[in-house]
Structure formats: structure tokens, C-alpha cells
Amino acid sequence: MQTRIVTGPDPLWEITLSSHLLARRNEDPLLLGWHRAAQQSLRAGTALRGRADLFLGVNWSHGDFPDFLTPRPGEGGVDDGLEAVGSTCPRQLRRDVDLAAAARGTLPAAAQELGEGRPAALRELTTGMREYFEAVVRPQWNWVTASFAADHAARSRAVAAGGLAALLDSLHPSVSFEDGVLRVADYPRDRDLHLSGRGLVLVPSFFKRATRPITLIDDDLPPVLVYQVDRGAGLLAVRHQEALSALVGRTRAAILELCAEGGSTSSIAARLNQSPSTASEHLAVLRQAGLVYSERRRNSVEHRLAPLGMALLEGRPGPAEQ
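Residues numbered from 1 in each chain as written. Predicted model: local features only at pLDDT ≥ 70, side-chain atom pairs only at ≥ 80, totals over all residues. Heavy atoms only, no water.

Participant: Let's hear about the packing of aromatic side chains: which residues, and what values?
Facilitator: Summed over all chains, the structure comprises six aromatic pairs. When the ring of Trp13 is compared with that of Phe65, the centres are 6.1 Å apart and the planes differ by 85°; the resulting orientation is edge-to-face. Residue Trp13 is found in helix α1 (residues 11–22), and its partner Phe65 is found in the loop between α4 (53–58) and α5 (78–86); the two are separated by 52 residues along the sequence. Look at Trp13 and you get buried, because its relative accessible area is 2%. Judged by centre distance (5.3 Å) and plane angle (65°), the ring pair of Phe55 and Tyr132 falls under edge-to-face. Within this pair, whereas Phe55 is found in helix α4, its partner Tyr132 is found in helix α8 (residues 119–137), the two being separated by 77 residues in sequence. Overall, Tyr132 belongs to the buried group, its relative accessible area being 0%. Here the aromatic cluster, defined as three or more aromatic residues joined through ring pairs, consists of Trp34, Trp143, Phe206 and Phe207. (Phe/Tyr/Trp six-rings, centres within 6.5 Å; stacked < 30°, edge-to-face > 60°. Helix = DSSP H or I, 4+ residues; strand = E, 2+ residues; numbered from the N terminus. Buried < 20%, exposed > 50% of the residue type's maximum accessible area, 1.4 Å probe, protein only.)

Participant: Kindly report on the pattern of salt bridges, identifying the contributing residues and their values.
Facilitator: In total, this model carries 13 salt bridges according to the counting rule given. Between Asp67 and Arg95 there is a salt bridge, with its nearest N and O atoms 3.3 Å apart. Of this pair, Asp67 sits in the loop between α4 and α5 while Arg95 sits in helix α6 (residues 90–104); the two residues are 28 residues apart in sequence, bridging distant segments of the chain. Residue Asp67 is classed as buried on the basis of its relative accessible area of 3%. Residue Asp219 is joined to Arg191 by a salt bridge in which the shortest nitrogen-to-oxygen separation is 2.2 Å. (Salt bridge = Lys/Arg side-chain N within 4 Å of Asp/Glu carboxyl O.)

Participant: Go over the sheet that holds strand β4 (residues 200–205), please, and point to the residues and values.
Facilitator: Read from one edge to the other, the open sheet built from three strands follows the order β1-β4-β5, with strand pairing classed as parallel. Only two strands of the sheet have a single partner each, and these edge strands are β1 (3–5) and β5 (224–228). Adjacent strand axes in the sheet meet at a mean angle of 25°, parallel and antiparallel pairs treated alike. As judged from the five bridges shared by β4 and β5, these two strands associate in the parallel manner. Paired with Leu202 across the two strands is Leu225, which belongs to β5. (Pairing = 2+ DSSP bridges. Axes fitted to C-alpha atoms, helices over the stretch in contact; angles between N-to-C directions.)

Spelled out as C-alpha cells, the structure:
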């Protein structure tokens, strides 16, 4: 079975699943502050609530919810994801809005126009989702990305230790993989999803509830399995990042993280939105401190973490202290 994990947090899944958390009593002490602040932002009568009414109205939080809210693993960011939502075909809009109406009973008035594929309703939906993201999800994005990175490292260790079976078995206690069949216990309804050579995309989610992994309703859509990451591991990573930034500066801390992946001076500069000369100066300081090393390859210079830099980034003792 071809299986891969998305390379970055999916903003559309985080938008959609975070609203499910807000519709329920908070279950995670780590999210208590976020939960209170986000609910305050969404109180009835606020400007944000009015603009997000259509999104919140069709996004049923107690069962099946529309597939078009999470059109594909959105590795291109929130803009690409919302563009895909806005391009949903009328047939899928009609089916998903009807499903939401059957589950919820009543929907906002604009939902009828959304089900008809009216451009104005689609703009209202995507505008509400964007403003919801900025107000509710964006403030936690550093924590989201840190949790994703910690999860990615944990899954990589599982693959190294036991291959695909160990990876899938590690996702949640309800998940088991045997004889080429992935089973999720206690799913809301019995169903068989045949990959038919399409492969499976694993989507880690920060805001997913601590229940079994979920997938899309429509079997014809690209198969995904969405599971919750360890928020505690992400919080520890955020705290370490803050301490590292205080020690070496925010820019150099960011460069250390990029050097963990490896990159040229120009690519690092581009990701930091800085000039190559500025990035080169920071890299020179880190190299002189023994935290990174550099190698010339053809027409560029590649930079990677030295053992001491890796120890500093991971918050463990350096080689001389072990």
C-alpha cells in the first residue's frame, strides 16, 4: 500500500476541525486558553460570527460534515486550499449541502444558494473561512507547526523501527494494520474503502479531537486518513524554540531549523524573506560557532547542521557533555 504523510499542516482541516472543538465542551487542558479566547471571538453578534455564519452552519460538528470544506491535502497553504473550495463543482456542492441539511435540520439561508453553486455564496463561504482562520487558527500556528514536526519525527522513527505496519499501528489505539488491510475500530458507520492503486495520504491534525482517525465521505475522492497529533510534544517544542531564539536570536534560530533540512544560501534566504548576503552573514556566525557546516556543490553552497547544532536544536547535551 502506497502511503505518505503530508509535508506540512493542512490549514483547511485545521479550520474545519477546530470549529468542531469549539462546538463542544473543552476536553484538553492544554487548549483551555485557546478555547475560551476563540469562543469569545465567535460569540453571537460579533462581526466575525456574522461573516462566518455560512461556514459554521454547513460544518456539522457531530457527525458527517461536507467533504468540500477539505478538498485535498492543502500543502500549498490557506490560499491554495480556499481557492480549491471556491472551485468545488456544483454536483458536489449540492450533495454535501443536502447531507448537511439532513444532519443538522436547518441551515443558514445562504446554504441554498451555496448548494446551487452561486458564486456569491462561494465567496461568502471562503471569506468566512479565511477570517475564521486569521482570528481562531492563525494565533496558534507556531504551536500547530511545532506539533506537526514532532509528529513527523515520531512517525519516521516508527517507520525505521517496523516499516509501514508500525507507522499505521502508531496512529491511534483504534487503528490496526494486518495482511494489507487497515482497520479503524468503532467508526460511526461500517464501510470498506478500496484504494484501487490510489495510495493513502495521512493527514496529521492539531485540532482534531482525541478520537479515532477519520476519512472523507465520498469514496471516489483521494483517500485520506486524518489523525490527531501530540499537542504536548508540540508545546514543548515551542517552548524550546522560544528559549533558542532568546539565546541566538530569532533569525539564527530559524536558520538552524532550516539547516536541519539542508539548503543553499539562496534557498534559506528566500524562506526567511531576506537577502542572500544577510543570510550568509548569519550562517558565517553559526559556522564559526561550530553549529553548522557548509559545502560547495557546483554553483551553490549547501548548509547543514553540525552535531553541536543538532544537539542545540533538539535541546539535548552536546557531544562533549554526553
